[in-house]
Amino acid sequence: VLGRVNGLLRHYGLGAQHRSLGMAAEELRPARKALPELEVRSVWREEDRWNFCYVMSQAFATSMETYLDAYARGGYWEGETKGLVGYVDGQAVSTACYVPGRDAAGLYGVATLPAARGRGYGEWMVRTALEQARRETDCARFVLQASGQAAPLYRRLGFETVTHVTVYNEVA
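By convention here, each chain's residues receive numbers from 1 onward along its written sequence. Residue-level local features of this predicted model are given only where pLDDT is at least 70; pairs of side-chain atoms are given and counted only at 80 or more, and the full residue set underlies all totals for whole chains, interfaces and linings. Derived side-chain values reflect all non-hydrogen atoms in the structure, with water molecules and hydrogen atoms excluded from consideration.

Attention now goes to the nonpolar core. One finds Phe52, Leu107, Tyr154 and Phe159 to be the most contacted residues of the largest nonpolar core, which totals 44 residues. Looking at which element gives the most residues to this core, the answer is helix 4 (residues 121-137), with six residues. We call two residues contacting when some pair of their heavy atoms lies within 4.5 Å. Those residues within four positions of Phe52 in sequence are excluded, and the remaining contacts are Val43, Tyr71, Trp77, Leu84, Val85, Thr95, Ala96, Cys97 and Gly109. For this analysis, a nonpolar core means a set of buried residues of the types Ala, Val, Leu, Ile, Met, Phe, Trp, Tyr and Cys, connected via side-chain atoms within 4.5 Å. Under the scheme applied here, a residue whose accessible area is under 20% of the maximum for its type counts as buried, over 50% as exposed, and between as partly exposed, the area being computed with a 1.4 Å probe on protein chains only. Secondary structure elements are taken from DSSP: a helix is a run of H or I of four residues or more, a strand is a run of E of two residues or more, and numbering for both begins at the N terminus.

Time to look at the side chain of Thr112. Locating Thr112 in the fold gives a position in strand 5 (residues 104-112). Within the structure, the side chain of Thr112 is placed 3.0 Å from the side chain of Ser94, a separation counted as a polar contact. Contact partners of Thr112, with chain neighbours within four places excluded, come to Val55, Ala59, Val93, Ser94, Arg117, Tyr121 and Gly122. Between N or O atoms, a polar contact is any pair within 3.5 Å; within protein, one atom must be a potential hydrogen donor and the other a potential acceptor, and residues adjacent in sequence are included only when both atoms are from side chains.

For this analysis, a salt bridge means a side-chain nitrogen from Lys or Arg found within 4 Å of a carboxyl oxygen belonging to Asp or Glu. Under the criterion given, the structure shown has nine salt bridges. One salt bridge connects Glu47 with Arg41, and the closest N-O pair in it is separated by 4.0 Å. Residue Glu47 is classed as partly exposed on the basis of its relative accessible area of 46%. With a closest N to O distance of 4.0 Å, Asp103 and Arg102 form a salt bridge. Since its relative accessible area comes to 45%, Asp103 is described here as partly exposed. A residue is classified by how much of its surface remains accessible, and Arg102, at 74% relative accessible area, is exposed.

What follows deals with the confidence of the model for the protein chain. For every residue, the pLDDT score states the predictor's confidence, bounded by 0 at the bottom and 100 at the top. In this model, the protein chain carries an average pLDDT of 91, and 98% of its residues clear a pLDDT of 70 or more. By mean pLDDT, the top-scoring element of the protein chain is strand 3 (residues 82-88) (97), and the lowest-scoring one is helix 1 (residues 2-11) (82).

With 14 residues, helix 2 (residues 46-59) should reach 20 Å at 1.5 Å per residue; the first-to-last C-alpha distance of 20 Å fits that figure. Among the residues making up helix 2, those that are buried are Asp48, Arg49, Asn51, Phe52, Cys53, Val55, Met56, Ser57 and Ala59. Two residues or fewer after helix 2 comes Ala61, characterised by a positive phi angle close to 50°. Helix span, expected: 1.5 Å multiplied by one less than the number of residues in the helix.

Right, let's get into the sheet that holds strand 2 (residues 39-42). A pair of strands is considered paired only if DSSP assigns at least 2 bridges between the two. Taken in spatial order, the seven strands of this open sheet run 2-3-4-5-6-1-7, and their pairing is mixed. Looking along the sheet, the strands with just one partner apiece sit at the ends: strand 2 and strand 7 (160-170). Averaged over all pairs of adjacent strands, the angle between strand axes in this sheet comes to 25°, irrespective of strand direction. As paired strands, strand 5 and strand 6 (residues 141-146) are joined by four bridges and run parallel to one another. Residue pairing in the sheet places Gly106 in a bridge with Val143 of strand 6. Axes here mean lines fitted to C-alpha atoms, for a helix over just the part in contact, with angles spanning 0 to 180 degrees between N-to-C directions. Sheet strands in contact with helix 2 are strand 2, strand 3, strand 4 (91-100) and strand 5, and its direction is about 100° off that of strand 4. Helix-sheet contacts for helix 4 involve strand 2, strand 3, strand 4, strand 5 and strand 6, and the interaxial angle to strand 4 is about 35°.

By definition, disulfides here are pairs of cysteine sulfur atoms that lie within 2.5 Å. Using the criterion set out here, one finds zero disulfides in the structure. The closest cysteine sulfur to the non-disulfide-bonded Cys53 is located on Cys97, 10 Å from its own sulfur. Assessed through its relative accessible area of 0%, Cys97 is described here as buried.

The structure is reproduced here in structure tokens:
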């Protein structure tokens with residue numbers, strides 16, 4: 001079936017851009033080591049929205065303008081999505097956002113500056129975001145899309161792969 005779908009999408013000028021894992025967990029496993037504490041701020045202030053975009057652009061090697069267009073301009077944060085930025089000594093180092101729902105909370109935008117990776121900041125942000133989501137909604141499970149690079153962290157936290165997600169885009 002996937003071959004037929006891909007053929008149809010190619011016919012209409014679309015090609016697979018990237019593939020990721022769809023993962024879910026009902027509870028997070030306990031942390032295996034002490035995590036560094038971050039100062040976590042919501043993205044209500046313009047400075048925090050800018051810092052959210054900066055960390056994302058650096059972590060995913062994408063232009064700052066792309067993230068400013070998506071997250072800092074317009075009313076993106078006026079809906080259900082809640083964004084968080086983690087700071088160490090006043091410097092933004094990590095991000096996460098979540099969308100609370102009735103049955104599940106979606107986790108998105110988990111990123112850490114390349115120079116700050118491997119210190120537990122991403123795990124701290126995931127735990128903080130999902131704790132906030134559960135407090136707000138008492139949701140039964142958490143869901144996310146994971147890159148291959150992030151999948152080991154999510155597995156360690158208790159997430160399991162439940163599907164694969166392919167993103168399609170126009171082919172030049």
